[in-house]
Each structure stands twice: as C-alpha cells, then as structure tokens.
Amino acid sequence: MYKENSPWNKTPIIDDTILDVLRKRFIYKDPYDEIYTIPQHFDERPDLCSYEFYGTAKYWWIFAQRNSDIILDPIRGFTTGTVIRIPSKDNISKMV
C-alpha cells in the first residue's frame, strides 16, 4: 500500500507486485480555492509550488488532479502563465 499522500494511494496492487489502473482521488471543488497564475520560477516544477503552498513537495500531483481540464500532463503541463485553482490545506486534508 502507498502512503496517504501518494497519488497512487487508492490504486489497488495485484498479487503484491503489479500496480492496477490508476484510481484518481477526488478533490472537492471549494469556493475558497485560490486562483493562481503559475509564475516563471515554477515552470514545470509543481513540486516546488507544492512546497510553497503545503510545506511539502509530496503534493505535486494535486495541481493536475484539481485542474484536470487544464493540466493534462502533471509536469509538462504545469507551465508559466497557466491559471489554475489551488486547493486549500483544509481541502486536501479531507482527501488524504
């Protein structure tokens, strides 16, 4: 089993060796999500942005999960000038 902050936490493992098809984790839409324009220093670096917002780089995948209609690739799609919604710490704590 994967740690609770892993994007693969809800994905089953078959025969203790094979990761099944990814089961995405639901992130609630919240009116308090911050609308954020990705700056140059975070271009293709959601890990650094995660560290700034959540105090850990482990939630890099949350941005793509919450903005799946905008960010198709969690790394390459995290580009300068893209406007996304950033879930609050309280919102992601409900998920993990």
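Being a predicted model, the structure only gives us computed values, none of them experimental.

Visitor: Mind laying out the environment of Glu34, listing which residues take part and the relevant values?
Guide: Along the polypeptide, Glu34 turns up in strand β3 (residues 34-37). Along the chain, Glu34 and Ile84 lie 50 residues apart, while their C-alpha atoms are 8.2 Å from each other. Contact partners of Glu34, with chain neighbours within four places excluded, come to Phe53, Ile84, Arg85 and Ile86.

Visitor: Could you give an account of the packing of aromatic side chains, with specific residues and numbers?
Guide: One pass over the full model with this rule turns up five aromatic pairs. On the numbers, 6.1 Å between centres and 20° between planes, the contact of Tyr54 with Phe63 is stacked. Among the residues examined, Tyr54 registers a relative accessible area of 9% and is labelled buried. Classification of Phe63 by relative accessible area gives buried; the value is 0%. With 5.5 Å between their ring centres and 40° between their planes, Phe63 and Phe78 make a pair best called tilted. You can see Phe63 sitting in helix α2 (residues 62-66) and its partner Phe78 sitting in the loop between α2 and β4 (83-86), a full 15 residues away along the chain. For Phe78, a relative accessible area of 0% translates into the label buried. An aromatic cluster of at least three residues, connected via ring pairs, comprises Tyr36, Phe53, Tyr54, Tyr59, Phe63 and Phe78.

Visitor: Tell me about the pairing of β4, and please be specific about residues and values.
Guide: Only one face of β4 is buried: it carries Ile84 and Ile86, and the other face, with Val83 and Arg85, is open. Inspection of the sheet shows β3 paired to β4 by four bridges, in the antiparallel sense. Looking at the pairing, Tyr36 lines up with Ile84 of β4.

Visitor: So what's going on with the nonpolar core? Which residues, and what values?
Guide: Counting residues in hydrophobic clusters, the biggest one holds 17 residues, and the most contacted among them are Cys49, Tyr54, Phe78, Ile84 and Ile86. Contributing elements (two or more residues each) for this core: α1 (46-54), α2 and β4.

Visitor: A description of α1 should follow, citing residues and the corresponding values.
Guide: One full turn of an α-helix is made of 3.6 residues, so residues set three or four places apart face in the same direction. Of the positions making up α1, those classed as buried are Pro46, Cys49, Ser50, Phe53 and Tyr54. Buried residues of α1 fall within an arc of 105° about the axis and therefore sit on the same side. Opposite the packed face of α1, turned more than 90 degrees from it, sit the exposed residues Tyr51 and Glu52. Positioned one or two residues after α1, Gly55 has a phi angle of 80°, which is positive.

Parameters and conventions
Residue positions are given per chain, counting from 1 as you read along its sequence in written order. For this predicted model, a pLDDT threshold of at least 70 governs which residues receive local features, and a threshold of 80 or more governs which side-chain atom pairs are given and counted, while totals over whole chains, interfaces and linings are taken from all residues. Calculated side-chain values reflect all of the structure's heavy atoms, with hydrogen atoms and water omitted. Each helix is a run of DSSP H or I of at least 4 residues and each strand a run of E of at least 2, with the numbering of both proceeding from the N terminus. Contacts: residue pairs with any heavy atoms within 4.5 Å of one another. Two aromatic rings, drawn from Phe, Tyr or Trp (for Trp, its six-membered ring), form a pair once their centres lie within 6.5 Å of each other, and the interplanar angle then sorts them: stacked below 30 degrees, edge-to-face above 60, tilted otherwise. Only protein chains enter the area calculation, which uses a 1.4 Å probe; residues under 20% of their type maximum are buried, those over 50% are exposed, and those in between are partly exposed. Two strands qualify as a pair provided that DSSP identifies no fewer than 2 bridges between them. Among buried residues, those of type Ala, Val, Leu, Ile, Met, Phe, Trp, Tyr and Cys that are joined through side-chain atoms within 4.5 Å constitute a nonpolar core. Summarising the geometry, the arc corresponds to the directions from the helix axis toward the C-beta atoms.

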